[in-house]
Amino acid sequence: MFQPRRPRRNRQSEAIRAHAQETRLHVSQLIYPMFLVDGKNIKSEVSSLPNNFRFSPDVLLQEIEECLNLGITTFDLFPAVDESLKDKYGSYSYAEENFYLHAIRAVKERFPEACIMTDVALDPYSSDGHDGVVENGIILNEETLPILAKMSVAQAQAGADIIGPSDMMDGRIGVIRRALDDAGFINTSIMSYAVKYASAFYGPFRDALNSAPKSGDKKGYQMNPANRREALIEAELDMQEGADYLMVKPALAYLDVIHELKQNFPLPIAAYNVSGECAMLYAAAQNGWLDYERAMPEMLLSMHRAGADVILTYFAKDYAKMVKAGKIKY
Ligand code: PBG
């Protein structure tokens with residue numbers, strides 16, 4: 001049989017497979033989400049997200065140092081706030097004494113080279129557990145925007161490099177951009193959670209922060225998982241309003257949406273490999289049903305292949321360790 005085109009030739013050895021490899025995921029493309037809790041000497045594991053912890057600020061510094069040595073450059077920090085500090089308007093989010101803001105400052109003082117991303121939304125600070133102000137079961141858009149702006153400026157003041165609005169209110173990117181600029185933070189970046197779905201995969205994250213909605217759900221502001229074309233509207237608005245990156249969240253069940261954004265927008269595209277996606281793999285691996293060290297990099301590579309330039313993932317540290325050990329080759 002004459003067979004001039006034999007795809008298997010490009011798979012015949014490790015050297016040739018590396019030549020033919022179309023995508024590579026570098027540790028510098030990963031962002032490591034980490035949970036923070038007030039106090040000292042605390043490292044408490046999130047039960048629904050094994051291998052991930054709530055760190056007190058002192059322990060966080062050690063953890064960041066270790067990660068920097070593994071080549072991780074960027075950290076997305078989330079605060080677990082004591083219930084007694086929560087209110088309807090999330091006012092602790094920009095309070096002078098906010099431990100999260102102090103922790104960001106401490107990290108930047110100790111490791112100026114660490115790129116710090118923050119989260120902007122009311123939910124960890126809200127007595128209602130929603131991303132915006134709630135009135136009679138409705139999430140109020142315009143009333144929420146000034147709070148998001150204040151929170152963003154407070155985080156920029158603390159030293160945040162990238163502000164991450166995850167709240168899905170309309171018009172928030174423009175409002176935040178203007179507030180940052182007015183306060184002199186023209187170089188503070190915004191990574192917009194542009195296309196964020198009302199997903200069931202955020203469960204372990206809400207456990208970690210005890211931030212689940214006290215009533216109702218987030219469908220009035222987060223996107224319907226059935227929709228793809230609508231993502232173009234969200235992304236377009238955020239680009240116009242000044243976002244520096246566009247994020248799709250979750251990632252694994254939304255690879256088509258990542259691809260769609262990559263095709264249509266000339267900004268860096270981020271994907272958030274959310275807590276529930278990671279928890280599924282941890283659970284399967286713990287049961288011996290999947291090989292973690294093979295499935296985990298495959299999952300992350302799929303997001304990169306779909307079009308994600310950067311990936312927020314709880315696997316970041318393990319991925320970096322595997323690279324260091326020579327188990328993942330670029
Ligand atoms: C809060 C926020 C959420 C996540 C990031 N920021 C949860 C939510 O919207 O309920 C989820 C991250 C994850 O599941 O890993 N605005």
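Before reading further, recall that the structure is shown in the block above.
Presented here is a report on the structure given in the accompanying data block. (Residues numbered from 1 in each chain as written. Predicted model: local features only at pLDDT ≥ 70, side-chain atom pairs only at ≥ 80, totals over all residues. Heavy atoms only, no water.)

**Considerations on the overall build of the chain**
Next up, step 1: On a plain count of helices and strands, the chain comes out with 11 helices and 12 strands.
Next up, step 2: Here the chain has a C-alpha radius of gyration of 20 Å; the compact-globule value for 330 residues is 20 Å, and the two agree.
Next up, step 3: Expressed along its principal axes, the backbone C-alpha trace of the chain runs to roughly 75 × 45 × 40 Å.
Next up, step 4: When each of the 330 residues of the chain is scored for burial, the buried share is 54%.
Next up, step 5: Sequence separation of 24 or more characterises 73% of the internal contacts of the chain that already satisfy a separation of 6 or more.
Next up, step 6: Within the structure as shown, the chain displays about 15100 Å² of accessible surface, and the carbon and sulfur contribution to it stands at 50%.
Next up, step 7: For the chain, the centre of its 35 positive side-chain charges and the centre of its 44 negative side-chain charges are spaced 10 Å apart. (Helix = DSSP H or I, 4+ residues; strand = E, 2+ residues; numbered from the N terminus. Rg over C-alpha atoms; globule rule 2.2 N^0.38 Å. Buried < 20%, exposed > 50% of the residue type's maximum accessible area, 1.4 Å probe, protein only. Contact = heavy atoms within 4.5 Å. Areas by Shrake-Rupley, 256 points an atom, 1.4 Å probe, with all protein chains shown as cover. Lys, Arg positive; Asp, Glu negative; His and termini not counted. Charge placed at Lys NZ, Arg CZ, Asp CG, Glu CD.)

**Details of the site of the ligand**
Next up, step 1: Every one of the 18 residues lining the ligand counts as a neighbour, but K196, R206, K249, S275 and Y314 are closest to it.
Next up, step 2: Contact between the ligand and D131: a nitrogen atom at 3.1 Å from a side-chain N or O atom of the residue.
Next up, step 3: K218 places a side-chain nitrogen or oxygen 2.8 Å from an oxygen atom of the ligand.
Next up, step 4: Relative to its unbound accessible surface of 400 Å², the ligand loses 100% to contact with the protein.
Next up, step 5: When grouped by side-chain class, the residues that make up the shell around the ligand number eight nonpolar, three polar and seven charged. (Near = heavy atom within 4 Å. Polar contact = N/O pair within 3.5 Å; in protein donor to acceptor, adjacent residues only side chain to side chain. Nonpolar A, V, L, I, M, F, W, Y, C, P; charged D, E, K, R; others polar.)

**Some points on the pairing of strand β11 (residues 269–273)**
Next up, step 1: Among the five residues in β11, five count as buried, and that is most of the element.
Next up, step 2: Here β11 shows a buried face lined by I269, A271 and N273 and a second buried face lined by A270 and Y272.
Next up, step 3: Taken together, the four bridges between β11 and strand β12 (residues 310–313) define a ladder with parallel strand orientation. Paired with N273 across the bridge in β12 is T313. (Pairing = 2+ DSSP bridges.)

**A few points about helix α3 (residues 99–110)**
Next up, step 1: The end-to-end C-alpha separation of α3 is 16 Å, in line with the 16 Å expected for 12 residues at 1.5 Å each.
Next up, step 2: Listing the buried residues of α3 in full gives F99, Y100, L101, A103, I104, V107 and K108.
Next up, step 3: Capping of α3 at its N-terminal end is provided by N98; its side-chain oxygen lies 2.7 Å from the backbone amide nitrogen of Y100. (Expected span 1.5 Å × (residues − 1).)

**Things to note about the packing of aromatic side chains**
Next up, step 1: Under the definition given, this model contains 12 aromatic pairs.
Next up, step 2: Ring plane angle 65 degrees and centroid distance 5.8 Å describe the contact between F35 and F205, whose orientation is recorded as edge-to-face. In this pair, F35 sits in strand β1 (residues 30–37) while F205 sits in helix α6 (residues 203–209), placing the two residues 170 residues apart along the sequence.
Next up, step 3: These aromatic residues form a ring-pair network of at least three members: F35, F78, Y193, F205, Y272 and Y314.
Next up, step 4: One residue, K249, lies across the ring of Y202, its end atom 4.6 Å from the ring centre.
Next up, step 5: Residue placement shows K249 over the ring face of F205; its charged tip is 5.9 Å from the ring centre. (Phe/Tyr/Trp six-rings, centres within 6.5 Å; stacked < 30°, edge-to-face > 60°. Lys NZ or Arg CZ within 6 Å of the ring centre and 35° of its normal.)

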